[in-house]
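Here is how the chains run, residue by residue.
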Amino acid sequence: MDRIVDYKVISNTRINSSTYMLELNGPTEWIQSGKFLNIQVPNKYLKRPMSVYDWNKTSLKVLYKLIGEGTKILSTIKSNQSLEILTDLGNTYTPSKNKKQLIVCGGCGMGSVYKLAKQLSSQHIDVTIIVGFKTKADVFVLNEWKKVCKNLIITTDDGSVGFKGTVVDAINKYKLNNLYYYTCGSINLMKAVYKCMKSEGQLSLEARMGCGFGACMGCTIETKHGPKRICADGPIFNSKELLW
């Protein structure tokens with residue numbers, strides 16, 4: 001299939017004050033857990049990279065947060081409009097064979113790991129999921145996640161929902177730092193998770209991207225194996241590669 005495809009908007013729904021779920025009709029055969037796409041926002045030169053939250057044979061969903069002018073424009077897009085999308089970007093999660101595993105995410109980092117969580121649960125992996133928010137007003141899509149995993153821990157910084165504290169506080173409280181793990185969220189969240197875990201894991205990194213497929217080198221990071229591009233060599237990296 002062509003990598004640049006026009007997708008038709010099915011819905012673009014606000015799910016809290018600053019978060020939207022965008023549903024698009026178009027090809028999905030390229031998608032695997034962890035891959036991402038680049039959306040061409042009207043009147044903007046650079047495309048916006050976003051994880052694929054969920055998909056079926058004819059449509060996909062993208063979870064995004066209002067951060068800047070680009071996502072603000074994206075939030076105004078209506079049903080039946082078309083968006084140009086660069087597809088089939090990045091690598092994928094490689095599920096561990098460990099019997100017990102851990103997924104840790106924060107906010108829109110949920111977008112990268114939702115399908116992975118469903119995959120692990122369907123394989124009868126004993127998976128614990130920790131999802132972190134600042135406060136009750138930031139919480140979204142919990143009903144979907146409760147259907148996926150019985151071991152779901154919600155944290156809020158102020159304790160307004162679930163566990164009071166950070167995702168790291170919850171990891172330490174429930175002594176989960178020896179489990180194989182996957183994580184996605186803000187860079188500060190992922191660094192904190194990385195530093196508290198004693199086990200190996202996979203981290204889906206975020207970065208500003210110029211092209212999304214490795215040509216511009218704008219999202220290059222240093223790893224133990226030399227320079228790597230988050231868009232083309234990642235976005236998912238094994239914890240052993242990182243220089244954190």
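Residues numbered from 1 in each chain as written. Predicted model: local features only at pLDDT ≥ 70, side-chain atom pairs only at ≥ 80, totals over all residues. Heavy atoms only, no water.

Novice: Go over the pairing of strand E2 (residues 19–25), please, and point to the residues and values.
Specialist: The side chains of a regular strand alternate, residue by residue, between the two faces of the sheet. Of all seven residues in E2, six are buried, a share of seventy percent or more. Both strand E1 (residues 4–16) and E2 contribute to a ladder of seven bridges, which runs antiparallel. When the sheet's bridge partners are listed, Asn12 is paired in E2 with Leu22. By the bridge criterion, seven bridges tie E2 to strand E6 (residues 59–65) in an arrangement that is antiparallel. Pairing of Asn25 across the sheet is with Ser59, part of E6. (Buried < 20%, exposed > 50% of the residue type's maximum accessible area, 1.4 Å probe, protein only. Helix = DSSP H or I, 4+ residues; strand = E, 2+ residues; numbered from the N terminus. Pairing = 2+ DSSP bridges.)

Novice: Lay out the sheet that holds E6 with the relevant residues and their values.
Specialist: Strands sit in the order E4-E3-E7-E1-E2-E6-E5 across an open sheet of seven strands; the sheet is antiparallel. Lying at the two open borders of the sheet, with one neighbouring strand each, are strand E4 (48–51) and strand E5 (54–55). The pairing of E1 with strand E7 (residues 82–89) spans five bridges and is classified as antiparallel. Within E7, the residue paired with Lys8 across the bridge is Ser82.

Novice: Now, about the pairing of E7: what can you tell me, with residues and values included?
Specialist: When strand E3 (residues 36–39) meets E7, the two strands line up antiparallel, connected through three bridges. What sits directly across from Phe36, in E7, is Leu89.

Novice: An account of the pattern of salt bridges is needed here, citing residue identities and associated values.
Specialist: What the rule picks out here adds up to eight salt bridges. For the salt bridge of Lys44 with Glu69, the shortest nitrogen-to-oxygen distance reads 3.2 Å. With Lys44 in the loop between E3 and E4 and Glu69 in helix H1 (residues 69–74), this pair connects stretches of sequence that are 25 residues apart. Looking at Lys44, the relative accessible area reads 22%, which means it is partly exposed. (Salt bridge = Lys/Arg side-chain N within 4 Å of Asp/Glu carboxyl O.)

Novice: For the sheet that holds strand E12 (residues 180–184), give the residues involved together with the corresponding values.
Specialist: Spatial ordering of the open sheet is given by E11-E10-E9-E8-E12-E13-E16, a layout of seven strands whose pairing is mixed. The sheet is open, and its two edges are formed by strand E11 (163–164) and strand E16 (236–238), each paired on a single side. When strand E8 (residues 100–106) meets strand E9 (residues 126–133), the two strands line up parallel, connected through seven bridges. Bridging across to E9, Gln101 finds its partner in Val127.

Novice: Please set out helix H5 (residues 187–196) residue by residue, giving values where relevant.
Specialist: Note on helix geometry: an α-helix contains 3.6 residues per turn, so any two residues three or four positions apart are oriented the same way. Buried within H5 are the following residues: Leu189, Met190, Val193, Tyr194 and Cys196. Summarising the contacts, the buried residues of H5 are in contact with E8, helix H4 (167–173), E12 and strand E13 (201–204). (Contact = heavy atoms within 4.5 Å.)

Novice: If you had to explain the packing of aromatic side chains to someone new, which residues and values would you point to?
Specialist: To describe a pair of aromatic rings, you give the distance between the ring centres and the angle between the ring planes. Counted by the stated rule, this structure contains eight aromatic pairs. On the numbers, 5.5 Å between centres and 15° between planes, the contact of Tyr20 with Tyr64 is stacked. Taken together, the positions of Tyr20 in strand E2 and Tyr64 in strand E6 put the pair 44 residues apart, joining distant regions of the chain. Accessibility assignment for this pair places Tyr20 and Tyr64 in one class, buried. The interplanar angle of 55° and the centroid separation of 5.3 Å between the aromatic rings of Tyr114 and Trp145 together place this pair among those described as tilted. You can see Tyr114 sitting in helix H2 (residues 110–122) and its partner Trp145 sitting in helix H3 (residues 142–148), a full 31 residues away along the chain. Neither Tyr114 nor Trp145 differs from the other in exposure class; each is buried. (Phe/Tyr/Trp six-rings, centres within 6.5 Å; stacked < 30°, edge-to-face > 60°.)

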